[in-house]
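These are the residues of each chain, in order.
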Amino acid sequence: MKKERKSEAYPYSSGGWGSLRAVAHIVAQEKVALKDSRILLRQNKPDGFMCVSCSWAKPADPHTFEFCESGAKATAWDTTSKRVTHDFFRAHTVSELLTWHDHDLEEAGRLTGPLRYDAETDRYVPVSWQEAFDEIGRALQATDPDKVVFYTSGRASLETSYMLQLFARMYGTNNLADSSNMCHESTSVGLTEAIGVGVSTITLDDFEKTDLMFFFGQNVGTNSPRMLHPLQDARERGVEIITFNPLREPGLISFSNPQSPVQMLTPDHTQISTQYHQLKTGGDTAALVGLCKAVIAADDATLANGLPRVLDDDFIREHTHGFEDFALYVRNTHWADIERVSGLSQIDIERAAHAYIQANAVIVHYGMGLTQHRMGVQNVRMVCNFLMLRGNIGKPGAGPSPVRGHSNVQGQRTVGITEKPELAPLDRLAEQFSFEPPRTKGMNTVEAFEAMVKDEVSAVFNLGGNLVRSVPDRTQTEPAWSRLRLTVNVATKLNRSHLVPGAVSFILPCLSRIEIDRQASGEQAVSMEDSTGCMHGSRGVTEPASPDLRSEPFIVAGIAKATLRDRSTVDWDAWRDDYSRVRAEIAKTYPDIFHDFESRMWTPGGFHRPLPARERKWKTPGGKAEFAAPATLEEDPDMSVREPGALRLMTLRSDSQFNTTIYGLDDRFRGIKGTRMVILMNREDMAARSLKEGEHVTLETIAHDGIERRVAGLRLVPYDIPKGCLAGYYPECNPLLPLWHYAKESKVPGAKSIPVRIVAQHLQSVD
Ligand SMILES: Nc1nc2c(c(=O)[nH]1)N[C@H]1C(S)=C(S)[C@@H](COP(=O)(O)OP(=O)(O)OC[C@H]3O[C@@H](n4cnc5c(=O)[nH]c(N)nc54)[C@H](O)[C@@H]3O)O[C@H]1N2
Ligand SMILES: Nc1nc2c(c(=O)[nH]1)N[C@H]1C(S)=C(S)[C@@H](COP(=O)(O)OP(=O)(O)OC[C@H]3O[C@@H](n4cnc5c(=O)[nH]c(N)nc54)[C@H](O)[C@@H]3O)O[C@H]1N2
Ligand SMILES: [Mo]
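Everything quoted here is computed from the prediction, not taken from an experiment.

K.L.:
When you look at the site of ligand 2 in this model, what are you seeing that I'm missing?
P.N.:
Neighbouring residues of ligand 2: 33 residues in total, closest S153, E552, T660, Y730 and N734. T660 has a polar side-chain atom sitting 2.6 Å from an oxygen atom of ligand 2. A distance of 2.7 Å separates a nitrogen atom of ligand 2 from a polar atom in the side chain of N734. When residues of the shell around ligand 2 are traced back to their parent elements, those giving at least two are α25 (467-470) and β17 (486-491). Classifying every residue of the shell around ligand 2 by side-chain character gives 12 nonpolar, 15 polar and six charged. Inspection of the shell around ligand 2 shows a minimum of three residues originating in each of domain 2 (83-182 + 408-511 + 549-579) and domain 4 (647-763).

Right, dumping it as structure tokens:
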């Protein structure tokens, strides 16, 4: 395939020199020792450590440099030579630290030893590990287990996650909330309903067999850059890529491979998207209905003319339910409505549908642009409907590809982190460990905060999250967090959630996965599952940032032992000393997935978990894949409370952040420098409101619930974004996101469709 030259309008192809400069900058900023920067060569290698950044697949035959700009930054962030010592806390009270920027808190360096909040001096003070475990154990014993929430952010290894879910259930609760609840839970619900598995059905091999790929609402260049390599290879085979995204994301437009000397030394690059459709945020159901409508119309035409069918009639008949109702809905939907809601023209949608019809094997990649909506689950169902029309599930080179976030977010769910009792193998756990697990549903992340706001939660065990920043409605949720009786934070770096301590609060600093984990039986390894359902082993390679750090399994075991005492049949000390014992238990609980775990975890490329949908076995109640007609084309029921001038805000990530971890204030790809307090807005929308570039505005949420939500001091940046849509950064804009503004079926917050009005700052001060 011919490579196209750099386009004038988009000077920032992803990768390239900009990416290398960004890596060099952060390595210098974090004062990473030169010998340590060599650890990047062990990143994502079969005998090395699995990147702490995203969850993209790790190939069996890795590149020499199997890392990307984001992964290198994440590694530099963890291996920094900066330290937060006891002197740091002697110098700064918690109230003072609360005024620091998120960036500065983490930039202070790695935490070095366990700490307990001292309300009298308003400081964190050192505590011994055993004292911490004993006090937490006593506090948990004295608390109603239903009022305790165990949150896991998606980095925790399979071993840690399995231990934590077992501890929580032995303690007496299914309150196992996690980051997936704010992320791909719409996938877990939607895909399970449609095809009987809640995860991607594709693997890396499918990139070599596909004819066409779609991207809906996933920003590959920023959030999963290693995926650009197989995409580039596919493009070079002539595979088309069609993107639906409100923003023209440079990473979805072109890529210069920093590992290709030719691309680095010439202005050449690989064009990524061959069609780019800038739909309105929340317009995906409408766009997908349009695509299906065009496919069904094309099928009607072939039938009328006696030509080969466009629909995969055999697949639909043999493998699916509900096609007739779905087709009726699609036929009855008018193009005018599709165009209005999606913001795209019929001609453009038909152009994409035409490419779809020509292709034999199609993958749909998608991310937060689909899941973080009020209708997020419906969006996922629409992806399945679209793929099923031409049998694009369960055949080589085809399938839905939810691109996961955190490096083990998929895996932690596989080994039992879930608040839904029906998703955990409770009977097996009961038998294996001789206890009676709780059978009632626990709280997910949103439910936990709904309860917290009502003072119905007493304690949170926070494994690796920064919840007061990542959850919606900060002005409600942050005060609720500080009213908790107990907060236990297992973390590598200081974050804001540590600085609004509950009555009793601990920071328990842990090893990063990059560090060597020495226990009584020797150096330990851990494991994780990537976005394509492959399990990998991971070994730390650097010396720990401090001798007083402990591993996550060590900490979970310590607290479990102190809390459960003789109520538990588990020898927590033995598990702590040798993680292979934990893996042996995982393999007993889930033999289909984890048999011979210990040896298979080092398989180059990982070992696959069995995925029935890949073999066209449908683990749905009806035993078939299910079509589902959407309930509505309108993306957001709240926007039906129309207000003239209402806008829809999506909250996004930049390449200088990993979720609430802010590496820097620039967004290299989107050309924004020095601040994250910006709002991207359509020029015509600005002109209609007499707003000027660079002007500061306040956003207010349109919600009729008596709560005022506003964020002030946002600088306006004119941007190529559809009319009616705005974009800002997460987590800065989280105070605007109402806690109730979530997808009904999955409770994933609608972070990509917040109804807002814009108030110019000068107008506001007159108020
Ligand atoms: N460098 C870096 N990597 C990361 C992360 C990070 O913060 N930084 N976070 C990790 C995590 S936990 C996750 S979940 C993933 C997130 O990765 P993504 O799924 O890519 O998430 P976002 O960056 O939130 O934005 C997704 C894209 O959706 C588009 N979008 C917004 N609204 C809509 C819509 O209504 N329809 C469509 N079609 N598109 C829309 C936006 O323009 C944006 O390009 O990345 C992971 N990797
Ligand atoms: N408005 C809006 N809100 C969102 C989103 C959005 O797009 N828009 N995205 C949502 C999504 S997809 C997600 S996944 C959540 C993420 O939300 P969280 O899970 O709450 O947050 P993270 O920012 O991933 O966690 C950051 C902290 O992890 C700790 N940490 C880093 N490494 C380790 C480790 O190895 N072990 C431990 N124990 N701790 C570690 C560090 O101390 C750091 O401060 O946010 C959600 N919130
Ligand atoms: Mo995520």
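K.L.:
Which parts of the structure should I look at to understand the pairing of strand β29 (residues 710-718)?
P.N.:
Side-chain direction in a regular strand flips from residue to residue, so the side chains alternate between the two faces of the sheet. Of the strand pairs in this sheet, strand β27 (residues 678-681) and β29 are connected by four bridges, and their pairing is parallel. Residue pairing in the sheet places L680 in a bridge with V717 of β29. Pairing of strand β28 (residues 696-701) with β29 involves four bridges; the strand directions are antiparallel. Considered in β29, the bridge of E700 is made with R710.

K.L.:
Please clarify how the site of ligand 1 should be interpreted in this entry.
P.N.:
Close contacts around ligand 1 come from 30 residues, with E249, G282, D284, Q657 and N659 the closest. Contact distances for ligand 1 include 2.8 Å between an oxygen atom and a side-chain N or O atom of R653. With respect to ligand 1, the backbone of Q657 contributes an N or O atom lying 2.6 Å from a nitrogen atom. For ligand 1, whose free accessible area comes to 920 Å², the fraction covered by protein is 99%. Of the residues that constitute the shell around ligand 1, the class distribution is 10 nonpolar, 16 polar and four charged. Here the shell around ligand 1 gathers at least three residues from each of two domains, domain 3 (185-405) and domain 4 (647-763).

K.L.:
Which parts of the structure should I look at to understand the sheet that holds strand β8 (residues 212-216)?
P.N.:
The strands making up a sheet associate through backbone hydrogen bonding, with each pair oriented either parallel or antiparallel. Overall, parallel pairing links the five strands, which are arranged β12-β9-β8-β14-β15 in an open sheet. With partners counted over all chains shown, the strands left at the sheet margins are β12 (275-277) and β15 (399-402), one partner each. For this sheet the average axis-to-axis angle between neighbouring strands, irrespective of direction, equals 15 degrees. Sheet strands touched by helix α9 (residues 185-195): β14 (362-366) and β15. Its angle to β15, the strand with the most contacts, is close to 165 degrees. Each of β8, β9 (240-244), β12 and β14 touches helix α19 (residues 346-358); the most contacted strand, β12, lies at about 140 degrees to it.

K.L.:
Sorry, what's going on with the packing of aromatic side chains here?
P.N.:
For any pair of aromatic rings, geometry is given as the distance between the ring centres together with the angle between the planes. For the structure shown, the criterion picks out 29 aromatic pairs. Seen from their ring centres, F150 and F167 are 5.4 Å apart, and the 80 degrees between their planes marks the pair as edge-to-face. Separated by 17 residues along the polypeptide, F150 in strand β6 (residues 148-152) and F167 in helix α8 (residues 158-171) bring together distant segments of the chain. A residue is classified by how much of its surface remains accessible, and F167, at 1% relative accessible area, is buried. Look at Y590 and F594: their rings are 6.3 Å apart centre to centre, the planes differ by 70 degrees, and that puts the pair in the edge-to-face class. Accessibility classification places Y590 together with F594 in one group, the buried group. Members of the aromatic cluster, joined through ring pairs, are F88, F89, W100, Y117 and Y124. The cationic tip of R600 hangs over the ring face of F607; the distance from NZ or CZ to the ring centre is 3.9 Å. Sitting over the ring of Y729, R676 keeps its end group 4.7 Å from the ring centre.

K.L.:
Sorry, what's going on with the sheet that holds strand β20 (residues 522-529) here?
P.N.:
Taking strand neighbours across the sheet as the criterion, the four strands line up as β19-β20-β21-β22 in an open arrangement whose pairing is antiparallel. Two strands close off the open sheet at either side, each with one partner strand: β19 (517-519) and β22 (607-608). Both strand β21 (residues 534-539) and β22 contribute to a ladder of two bridges, which runs antiparallel. Residue pairing for β22: C534 is matched across the bridge by H608. Contacts from α8 reach β20 and β21 within the one sheet, and its direction differs from that of β20 by about 85 degrees. Of the strands in this sheet, β19 and β20 touch helix α29 (residues 579-589), which is tilted by about 35 degrees from β20.

K.L.:
Would you explain the domain arrangement of the chain in this entry?
P.N.:
Accessible area lost upon the coming together of the parts is a frequently used measure of interface size. Considered domain by domain, the chain is made up of domain 1 (14-78), domain 2 (83-182 + 408-511 + 549-579), domain 3 (185-405) and domain 4 (647-763). Contact with domain 3, which involves 25 residues of that partner, is made by 28 residues of domain 4. Together domain 3 and domain 4 conceal approximately 2200 Å² of surface at their shared face, both sides included; 59% is due to carbon and sulfur atoms. Linking domain 3 with domain 4 are one salt bridge, by the criterion used here. Here E249 and R670 are joined by a salt bridge, their closest N and O atoms 2.8 Å apart. Viewed at the interface, domain 4 and domain 3 are joined by 10 residue pairs in polar contact (both at pLDDT 80 or more). The set of elements that each furnish at least two residues to the side of domain 3 that touches domain 4 consists of α9, α11 (220-223), α20 (368-371) and α21 (376-389).

K.L.:
Just to check I follow, could you spell out the nonpolar core for this structure?
P.N.:
The nonpolar side chains of soluble globular proteins are, as a tendency, buried together. Of all hydrophobic cores here, the largest spans 58 residues; its most connected members are F214 and F244. Tallying contributions element by element places helix α15 (residues 284-304) first for this core, with nine residues. If we ignore the near neighbours within four places in the chain, the residues touching F244 are F214, F215, F216, G217, H277, L279, A287, L291, L344 and A352. Y162, M170, L176 and C510 belong to the second-largest nonpolar core, a separate cluster that totals 57 residues.

Here is what the cut-offs are and how they apply
- Residues numbered from 1 in each chain as written.
- Chains lettered and ligands numbered in written order.
- Predicted model: local features only at pLDDT ≥ 70, side-chain atom pairs only at ≥ 80, totals over all residues.
- Heavy atoms only, no water.
- Near = heavy atom within 4 Å.
- Polar contact = N/O pair within 3.5 Å; in protein donor to acceptor, adjacent residues only side chain to side chain.
- Helix = DSSP H or I, 4+ residues; strand = E, 2+ residues; numbered from the N terminus.
- Nonpolar A, V, L, I, M, F, W, Y, C, P; charged D, E, K, R; others polar.
- Domains from an automatic or database assignment.
- Pairing = 2+ DSSP bridges.
- Areas by Shrake-Rupley, 256 points an atom, 1.4 Å probe, with all protein chains shown as cover.
- Axes fitted to C-alpha atoms, helices over the stretch in contact; angles between N-to-C directions.
- Contact = heavy atoms within 4.5 Å.
- Phe/Tyr/Trp six-rings, centres within 6.5 Å; stacked < 30°, edge-to-face > 60°.
- Buried < 20%, exposed > 50% of the residue type's maximum accessible area, 1.4 Å probe, protein only.
- Lys NZ or Arg CZ within 6 Å of the ring centre and 35° of its normal.
- Buried area = accessible area lost by both parts, 1.4 Å probe.
- Salt bridge = Lys/Arg side-chain N within 4 Å of Asp/Glu carboxyl O.
- Core = buried A, V, L, I, M, F, W, Y, C linked by side-chain atoms within 4.5 Å.

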